[in-house]
Amino acid sequence: MTAPSPDRKTAGGGLKVRGLTTTFATPRGPAAVVDGINLDVAPGEIVGLVGESGSGKSITLRSIVRLVREPGKVSGQVEWQGRDLMAMSEADLRKVRGAEIAMIFQEPMTALNPVLPVRLQIEENLSAHSTLDHRARRQRALELMNIVGIPAAERRLDEYPHQFSGGMRQRVMIAIALASSPKLLLADEPTTALDVTIQDQILKLILDLRDRFGMSVVFVTHDLGVVAATCDRMVVMYAGRIVETGTVARVFAEPHHPYTRGLLGSVPRIGAERSMLLSIEGTPPGLTDLSDGCAFHPRCSFATDRCRAERPPLESFAAGREVACFHHRTVAAMAEAA
């Protein structure tokens, strides 16, 4: 399976996120789980969000479509096809969710309703966002189940989630997300807990559907192999902040942030001479304990007094590349030497 070309784009508008911040009130004070991030997704582009658990990837997706409940608070600007989703009323936003922007949630067994047949769960989207009658909705649900590769789809329309395997439930989630032919798909670890064969099928399906429907995709994953196989660009997050961005090929070949270098160094490589994998010392920080400096400095071998006192801004250093590190050129030079 090969990665998509970054030049394949479709017509239409894209996603533009500026200063997106999501905070939660805690007994120790407010915690910024998403901390002022900027993100652009071009039409037809697949962007991968990567980072350790707790880095803010999933909550970023939910914040984009305002699916964060109290005590969470979301601020910033999310522009979708020229409209600011943050300024929309809840009623208007519901017309966008599911119809223009759809989301695949992380765990289908909890995201799907266990007491409703899958047909009704697919048709729920169509009832909200189309004028199709009952017969047409059923036909569309059948069509979608065939598109996502569920065998014997007509017979299985009225089955319940527990009657499907994990991979088939994930396909049902994708069918629900695609019901109204969205232009942006937010995929929150859609291959989690699947074996590698089913994972490969799901990834190929997403790439095929991107080409078929002209969708943009924001793909959250821990798996850098998945990023290499599916994404045009990657965005590395740490402690709720973006620390590096760039095309997948460029970031893999020349990581500029020490955290990105650590993530890539922990992945086995075919033909590599070293037998031991690298690891990143320490653990991610508590979001109520962040200092004024770089959030990664306690775990970073390149850290200096400046890193501990001053937060590095996310800055462009080459065409299509951004990094938030005062010592990124040293990091890149060492990665190249290794």
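Use the structure listed above.
Every value quoted in this text rests on a predicted model; they were computed, and no experiment measured them. (Residues numbered from 1 in each chain as written. Predicted model: local features only at pLDDT ≥ 70, side-chain atom pairs only at ≥ 80, totals over all residues. Heavy atoms only, no water.)

(A) Molecular detail of the overall build of the protein. Each helix and strand in the protein was counted, giving 13 helices and 12 strands. Its C-alpha atoms give the protein a radius of gyration of 21 Å, within 12% of the compact-globule value 20 Å for 338 residues. Along the longest, intermediate and shortest principal axes, the C-alpha atoms of the protein span 65 × 50 × 40 Å. A sequence separation of at least 24 residues applies to 64% of the contacts in the protein between residues at least 6 apart. Summed over its atoms, the accessible surface of the protein is roughly 15700 Å², and 52% of this surface lies on carbon and sulfur atoms. Treating the 39 positive side-chain charges of the protein as one cloud and the 38 negative ones as another, the clouds have centres 2 Å apart. (Helix = DSSP H or I, 4+ residues; strand = E, 2+ residues; numbered from the N terminus. Rg over C-alpha atoms; globule rule 2.2 N^0.38 Å. Contact = heavy atoms within 4.5 Å. Areas by Shrake-Rupley, 256 points an atom, 1.4 Å probe, with all protein chains shown as cover. Lys, Arg positive; Asp, Glu negative; His and termini not counted. Charge placed at Lys NZ, Arg CZ, Asp CG, Glu CD.)

(B) Representation of the packing of helix H4 (residues 118–129) against helix H7 (residues 166–178) within the structure. Packing of H4 against H7 brings their axes to within 8 Å, and their N-to-C directions diverge by 25°. For the element pair H4 / H7, the angle class is roughly parallel. With respect to the hand of their crossing, H4 and H7 are arranged in right-handed fashion. For the pair H4 and H7, contact is made by Val118, Gln121, Ile122 and Asn125 and by Val172, Ala175 and Ile176, respectively. Taken together, the residues that form the contact of H4 with H7 break down as 5 nonpolar, 2 polar and no charged. (Axes fitted to C-alpha atoms, helices over the stretch in contact; angles between N-to-C directions. Parallel < 35°, antiparallel > 145°, perpendicular 65-115°, else oblique. Left-handed = near helix turned anticlockwise from the far one by under 90°. Nonpolar A, V, L, I, M, F, W, Y, C, P; charged D, E, K, R; others polar.)

(C) Spatial organisation of the sheet that holds strand S1 (residues 15–24). As summarised here, the arrangement of the 4 strands in space is S2-S1-S4-S5, forming an open sheet in which the pairing is antiparallel. Looking along the sheet, the strands with just one partner apiece sit at the ends: strand S2 (31–41) and strand S5 (83–84). As paired strands, S1 and strand S4 (residues 72–80) are joined by 8 bridges and run antiparallel to one another. The residue of S4 that forms the bridge with Arg18 is Gln77. Against the sheet, helix H1 (residues 57–64) engages S1, S2 and S4, with an angle of about 110° to S1. (Pairing = 2+ DSSP bridges.)

(D) Region of the structure containing the nonpolar core. Ile174 and Leu186 are the most contacted members of the largest nonpolar core, which totals 94 residues. Counting residues per element, this core draws most heavily on H7, at 8 residues. (Core = buried A, V, L, I, M, F, W, Y, C linked by side-chain atoms within 4.5 Å. Buried < 20%, exposed > 50% of the residue type's maximum accessible area, 1.4 Å probe, protein only.)

(E) Focus on the side chain of Glu189. Considering the arrangement of structural elements, one finds Glu189 in the loop between strand S7 (184–188) and helix H8 (196–213). Buried Glu189, no salt bridge; nearest opposite-charge side chain is Lys57, N-O distance 4.9 Å. Those residues in contact with Glu189 that sit more than four places away from it in its chain are Gln106, Gln170, Val220, Thr221 and His222. (Salt bridge = Lys/Arg side-chain N within 4 Å of Asp/Glu carboxyl O.)

(F) How the structure looks around the environment of Ala253. Within the fold, Ala253 resides in helix H10 (residues 248–253). Look at Ala253 and you get exposed, because its relative accessible area is 62%. As for Ala253 and Ala332, which are separated by 79 residues in sequence, their C-alpha atoms are 9.4 Å apart.

(G) Molecular detail of the sheet that holds S7. With mixed pairing, the 8 strands of this open sheet are ordered in space as S6-S7-S8-S3-S9-S10-S12-S11. Of all the strands in the sheet, the pair left with one neighbour each is strand S6 (101–104) and strand S11 (315–318). In this sheet, adjacent strand axes meet at a mean angle of 20° when their direction is disregarded. When strand S3 (residues 46–50) meets strand S9 (residues 233–238), the two strands line up parallel, connected through 4 bridges. Residue pairing for S9: Val47 is matched across the bridge by Arg233. Seen against the sheet, H1 touches S3, S6, S7, strand S8 (216–220) and S9 and runs at an angle of roughly 150° to S7. Running at roughly 155° to S8, H8 makes contact with S3 and S8 of the sheet.

(H) Geometry of the packing of H7 against H8. Axis separation between H7 and H8 bottoms out at 10 Å; the angle between their running directions is 15°. Regarding the angle of H7 to H8, the classification is roughly parallel. Judged by the twist between their axes, the crossing of H7 over H8 is right-handed. Along its contact with H7, which presents Gly167, Gln170, Arg171, Ile174 and Leu178, the element H8 presents Ile198, Gln201, Ile202, Leu205, Ile206, Leu209 and Phe213.

(I) View of the pairing of S11. Pairing of S11 with strand S12 (residues 321–323), which is carried by 3 bridges, proceeds in the antiparallel orientation. Its bridge partner lying in S12, Ala318 is registered against Arg321. Linking two consecutive strands that pair antiparallel, namely S11 and S12, is a turn of 2 residues; a positive phi of about 75° is found at Gly320 within it.

(J) Spotlight on the packing of aromatic side chains. Applying the stated rule across the entire model yields 3 aromatic pairs. The interplanar angle of 85° and the centroid separation of 5.1 Å between the aromatic rings of Tyr238 and Phe296 together place this pair among those described as edge-to-face. With Tyr238 in strand S9 and Phe296 in the loop between helix H11 (258–265) and helix H12 (305–309), this pair connects stretches of sequence that are 58 residues apart. Looking at Phe296, the relative accessible area reads 3%, which means it is buried. Chaining the aromatic ring pairs together yields one cluster made of Tyr238, Tyr259 and Phe296. Positioned above the aromatic ring of Phe326, the side-chain terminus of Arg306 is 3.7 Å from the ring centre. (Phe/Tyr/Trp six-rings, centres within 6.5 Å; stacked < 30°, edge-to-face > 60°. Lys NZ or Arg CZ within 6 Å of the ring centre and 35° of its normal.)

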